[in-house]
Protein chains: 2
Amino acid sequence: MGIGKTPFGAFPDRDLRSLAVEAGEKCLRNAHANPAQVEAVFLGNFAGPAFVGQNHLAPYVSTALGIQGVPATRIEGACASSGSAFFHAFTGVASGVYDIVLVAGVEKMTSQPTPRVTEILASAGDCSGEIKAGSTFASLFAMIARRHMYQFGTTREHLAAVAVKNHANGALNPDAHMRKAITMEQAMAGKPIAEPLNLYDCSLISDGAAAVLLAPAERAHEFTDKPVRVLGIAQASDFVALDQKPDITTFPAVRLASEKAYRMAGVRPADIQLAEVHDCFTIAEIIALEDLGFAPRGEGGPFSLAGHTARNGDKPVNTSGGLKSKGHPVGATGAAQICDLVLQMRCEAGERQVPRHALALAQNLGGSGATCVVTILGTI
Amino acid sequence: MGIGKTPFGAFPDRDLRSLAVEAGEKCLRNAHANPAQVEAVFLGNFAGPAFVGQNHLAPYVSTALGIQGVPATRIEGACASSGSAFFHAFTGVASGVYDIVLVAGVEKMTSQPTPRVTEILASAGDCSGEIKAGSTFASLFAMIARRHMYQFGTTREHLAAVAVKNHANGALNPDAHMRKAITMEQAMAGKPIAEPLNLYDCSLISDGAAAVLLAPAERAHEFTDKPVRVLGIAQASDFVALDQKPDITTFPAVRLASEKAYRMAGVRPADIQLAEVHDCFTIAEIIALEDLGFAPRGEGGPFSLAGHTARNGDKPVNTSGGLKSKGHPVGATGAAQICDLVLQMRCEAGERQVPRHALALAQNLGGSGATCVVTILGTI
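Quick notes on the rules
- Residues numbered from 1 in each chain as written.
- Chains lettered and ligands numbered in written order.
- Predicted model: local features only at pLDDT ≥ 70, side-chain atom pairs only at ≥ 80, totals over all residues.
- Heavy atoms only, no water.
- Domains from an automatic or database assignment.
- Contact = heavy atoms within 4.5 Å.
- Buried area = accessible area lost by both parts, 1.4 Å probe.
- Salt bridge = Lys/Arg side-chain N within 4 Å of Asp/Glu carboxyl O.
- Polar contact = N/O pair within 3.5 Å; in protein donor to acceptor, adjacent residues only side chain to side chain.
- Least-squares fit on C-alpha atoms with pLDDT ≥ 70 in both.
- Helix = DSSP H or I, 4+ residues; strand = E, 2+ residues; numbered from the N terminus.
- Expected span 1.5 Å × (residues − 1).
- Buried < 20%, exposed > 50% of the residue type's maximum accessible area, 1.4 Å probe, protein only.
- Axes fitted to C-alpha atoms, helices over the stretch in contact; angles between N-to-C directions.
- Parallel < 35°, antiparallel > 145°, perpendicular 65-115°, else oblique.
- Left-handed = near helix turned anticlockwise from the far one by under 90°.
- Nonpolar A, V, L, I, M, F, W, Y, C, P; charged D, E, K, R; others polar.
- Core = buried A, V, L, I, M, F, W, Y, C linked by side-chain atoms within 4.5 Å.
- Phe/Tyr/Trp six-rings, centres within 6.5 Å; stacked < 30°, edge-to-face > 60°.
- Lys NZ or Arg CZ within 6 Å of the ring centre and 35° of its normal.
- Pairing = 2+ DSSP bridges.

(A) Geometry of the domain arrangement of chain A. Residues and elements named next belong to chain A. Annotation of chain A at the domain level lists domain 1 (2–111 + 207–222) and domain 2 (114–202 + 227–379). Domain 1 and domain 2 are separated by 22 Å when their C-alpha centres are compared. The interface of domain 1 with domain 2 comprises 40 residues on the first partner and 41 residues on the second. Overall, the association of domain 1 and domain 2 removes approximately 3,100 Å² of surface from exposure, summing both partners, and the carbon and sulfur fraction of that is 73%. Taken as a group, Lys5, Phe8 and Cys79 account for 24% of the area that domain 1 buries against domain 2, more than any other trio of residues on that side. The tally of links from domain 1 across to domain 2 stands at 2 salt bridges. Here Lys5 ties to Asp175 by a salt bridge, and the two come within 3.8 Å at their closest N and O atoms. Inspection of the domain 1/domain 2 interface yields 11 residue pairs in polar contact (both at pLDDT 80 or more).

So, in structure tokens, the structure goes:
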């Protein structure tokens, strides 16, 4: 497995293709591979056509990487686009259709003004219902947070604890969009966005790309001395509209995907040593902890506040800084989660390095839970 | 294999989801299958976000079909979106990852004014180059036609012969957008669009959806008495920008995909008994005949004018009416080609029925050739 990432941030002088190509080239170099070895390309991208006016993105990127002729396919699954691309690449390799497959994810968001970005992101919701009625993703997750507070006693402090932890991690990540530690007081007093969520509860609008090269386990040694194996993976789906879900404090697609991935890997939630989860909003990380089985139902908030998910906790989560601090170039996020876990598993995570890193989990969420991909990685 | 299609046309009172759901439900009924049997959904869609403001389309459609929990993935490959969805669904079934997979394709185009449709379609070209310079797809294919005329002596009559033939076929297709036979004189005298292409050289802007259910060959009998087998299939890629191609009178991705599909099926071009090819413009059908090996290089025009590709010719092409007359709801086209071939192979094509229908080929093209999927079908 090879990995490659651009820094995440606002890069007014970079276009979508140059970001994707940078990540892809770094990934090929990391794996000592050349473009002619790649047998298929899966590109995760959410909204290139809306953000930068370019569609038909897979061959647009793959040919610029010098990859010619092979199937080059764009996968769109909202914020889970490159997690889904990784899932389909994995099934292709595991089933023997391909040997060497490049997965890339990219999004170039900052060229649009923030209100337009919010509008584009909202197209991952149900535009004939909730979005038409004026919802944005911040307001949808605000409703989710309110309900979680009402039902389980989750507090503003619990949300803020997630933000403080992820900012602390991101401050140590040279590729993070926002390298700034914040205090509990700051996190509590952020500018209101959609009550009860404030500025520090929301992930960033970022440009960036990430790429991963997959090979069959028996050929891994050709590409790396530190192979990482996909032990379990699953993609699941659910209703797009929040109002169609019987309970908005849990995401059935996350539960389903993680159950399948755990079963495939033969491991339990307690076995996972570190995770990257989809903290598009702080409440999403709290619910992910519960849906993934790291914390009991309704206790994700206290679990976070107690420090279990900190770098020095027993279940480090989002040591990269997460979407909150590392940044969230939507289509790149799923692939970037894999890259960040691989860095930890290879002991290449620098100041963020955690001591236990043999079994890791990535959870990539699309919209308000209509798509979820869960991947479990192990060192071989 | 089950199939289902909506009629193609301009349907101001229908939204994208209702079209996709109609095709999906017809397909499940056609296969005597229920939603709970479906193990994965691949949805081909080119530009739902731009045409109707809705992204994250795969779970948006699959949940409305009553399909819950399973991987639901949108594939975008310009005009080859649902051909590519079919390719990935096939590899999933053939490799044993899934048994029962639903492929659907959908596009809702007519809600936008024509200039905006042209602009959205242009996002399948290179927006940092050719499109920025003012190209549309009509002008790109006009350049291709000019060059083909210059290099091989192709004439306006050759182009018009394709239009006359496809309109004659479409007139017999109850699901076609434009059921109107035209004369050679009409085809020659159409309103200029981008010289040498006139109105009758250009495919239609349509709404529509199509769906196909795939199952392993050994389980086909559960779903149909008239099974059709995928004998060969391949997806290939090439440069997006026309100016990057060394020769614009042939599409390397078509040649590569068809060579791989022929090899996989163990058949030669001469063996193919009927085909649906991607006639987004009449010149595209002429070049497809050459790239697929039906006619020698440069002779696709005379081959068409001589009637070989007519319903009563020795190589019937686009008996459905093709994109020209049946209509071209971009994301639905690849899946619809498969449906139309299956109708012929089951002797259910009504007035369009051809006598030889045991071995058929579909060719689905994205943009000006950056993506191509070729599928070869055989009756079992």
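(B) Spotlight on the relation of the copies chain A and chain B. Its rotation angle being 180°, the transformation that places chain A on chain B also includes 0.0 Å of axial translation and leaves an RMSD of 0.0 Å. Here the symmetry operator amounts to a two-fold rotation axis. A shared interface surface links the copies, since 100% of the contact residues of chain A are contact residues in chain B too.

(C) Just helix α1 (residues 16–30) of chain B, in detail. All names here are of chain B. Here α1 spans 21 Å end to end across 15 residues, near enough to the 21 Å set by a 1.5 Å rise per residue. Turning to α1, its buried residues are Leu16, Arg17, Leu19, Ala20, Val21, Glu22, Ala23, Gly24, Cys27 and Leu28. Where α1 is buried, its residues touch β1 (2–5), α2 (48–52), α3 (57–62), β4 (101–108) and β7 (207–214). Phi turns positive, to about 50°, at His32, one or two residues after α1.

(D) Broad picture of the packing of helix α6 (residues 137–152) of chain B against helix α10 (residues 282–291) of chain B. All names here are of chain B. Two elements in contact, α6 and α10, have axes whose closest approach is 10 Å; the angle formed by their N-to-C orientations is 55°. One finds that α6 runs oblique with respect to α10. Here the hand of the crossing between α6 and α10 comes out left-handed. Of the residues in α10, those touching α6 at Phe141, Ile144, Ala145 and His148 are Ile283, Ala284, Ile286, Ile287 and Glu290. Per-class residue counts for the contact of α6 with α10 are 7 nonpolar, 1 polar and 1 charged.

(E) Focus on the nonpolar core. By size, the foremost hydrophobic cluster in this structure holds 72 residues, and its most contacted members are Met1(A) and Met1(B). Setting aside anything within four residues of it in sequence, one finds Met1(A) in contact with Asn30(A), Phe86(A), Val212(A), Leu213(A), Leu214(A), Thr224(A), Val228(A), Val230(A), Ile338(A), Val342(A), Arg346(A) and Leu377(A). By size, the runner-up hydrophobic cluster in this structure holds 61 residues, among which are Phe51(A), Ala261(A), Ala284(A) and Cys372(A).

(F) Summary view of the packing of aromatic side chains. In this structure the tally under the stated criterion is 6 aromatic pairs over all chains. With centroids separated by 4.9 Å and ring planes inclined at 25°, the aromatic side chains of Phe141(B) and Phe281(B) adopt a geometry described as stacked. Of the two residues, Phe141(B) sits in helix α6 while Phe281(B) sits in the loop between β9 (274–276) and α10, which places them 140 residues apart along the sequence. In this structure Phe141(B) comes out as buried when scored by relative accessible area, which is 1%. In this structure an aromatic cluster arises from ring pairing among Phe141(A), Phe251(A) and Phe281(A). Lying across the ring of Tyr60(A), Arg17(A) places its NZ or CZ 3.7 Å from the centre.

(G) The pairing of β4(B), seen in detail. Residue and element names in this part refer to chain B. Across the 8 residues of β4, 8 count as buried, placing the element largely inside the fold. Side chains of β4 alternate between two faces, with Val101, Val103, Gly105 and Glu107 and Leu102, Ala104, Val106 and Lys108 buried alike. Relative to β4, strand β2 (residues 40–44) runs parallel, the two being bridged by 5 bridges. Along β4, the bridge assignment pairs Val41 with Leu102. Taken together, the 8 bridges between β4 and β7 define a ladder with antiparallel strand orientation. In the sheet register, Leu102 faces β7, and the bridge partner there is Leu213.

(H) Looking closely at helix α7 (residues 156–170) of chain A. Here α7(A) spans 21 Å end to end across 15 residues, near enough to the 21 Å set by a 1.5 Å rise per residue. Among the 15 residues in α7(A), 13 count as buried, and that is most of the element.

(I) Layout of unusual backbone geometry. All names here are of chain A. Between Glu195 and the following residue, Pro196, the backbone shows a cis peptide bond with an omega angle of 5°. Of note, Pro196 is situated in the loop between β5 (192–194) and β6 (197–198). In this model, His32 sits at a positive phi of 50°, which is unusual for a non-glycine residue. Locating His32 in the fold gives a position in the loop between α1 (16–30) and β2 (40–44).

(J) Inspection of the side chain of Ser304(A) at higher detail. Residue and element names in this part refer to chain A. When you line up the elements, Ser304 lands in helix α11 (residues 300–305). The exposure class of Ser304 is buried, given its relative accessible area of 6%. Filtering out sequence-adjacent residues up to four positions away, Ser304 remains in contact with Ala161, Val162, Ile286, Leu289 and Thr309.

(K) Representation of the interface of chain A and chain B. At the interface, 47 residues of chain A touch 47 residues of chain B. Of the roughly 3,700 Å² buried where chain A meets chain B, counting both sides, 49% is carbon and sulfur surface. When the buried area of chain A at its contact with chain B is split by residue, His56(A), Glu76(A) and Ser237(A) rank highest and sum to 18% of it. The interface formed by chain A and chain B contains 4 salt bridges. If you look at where chain A meets chain B, you find 35 residue pairs in polar contact (both at pLDDT 80 or more). Counting residues per element, the ones that place at least two in the side of chain A that touches chain B are α3 (57–62), β3 (72–76), α4 (81–94) and β8 (228–237) of chain A. Note: β3(A) against strand β3 (residues 72–76) of chain B, 3 bridges, orientation antiparallel. If you follow Glu76(A) over to β3(B), its bridge partner there is Arg74(B).

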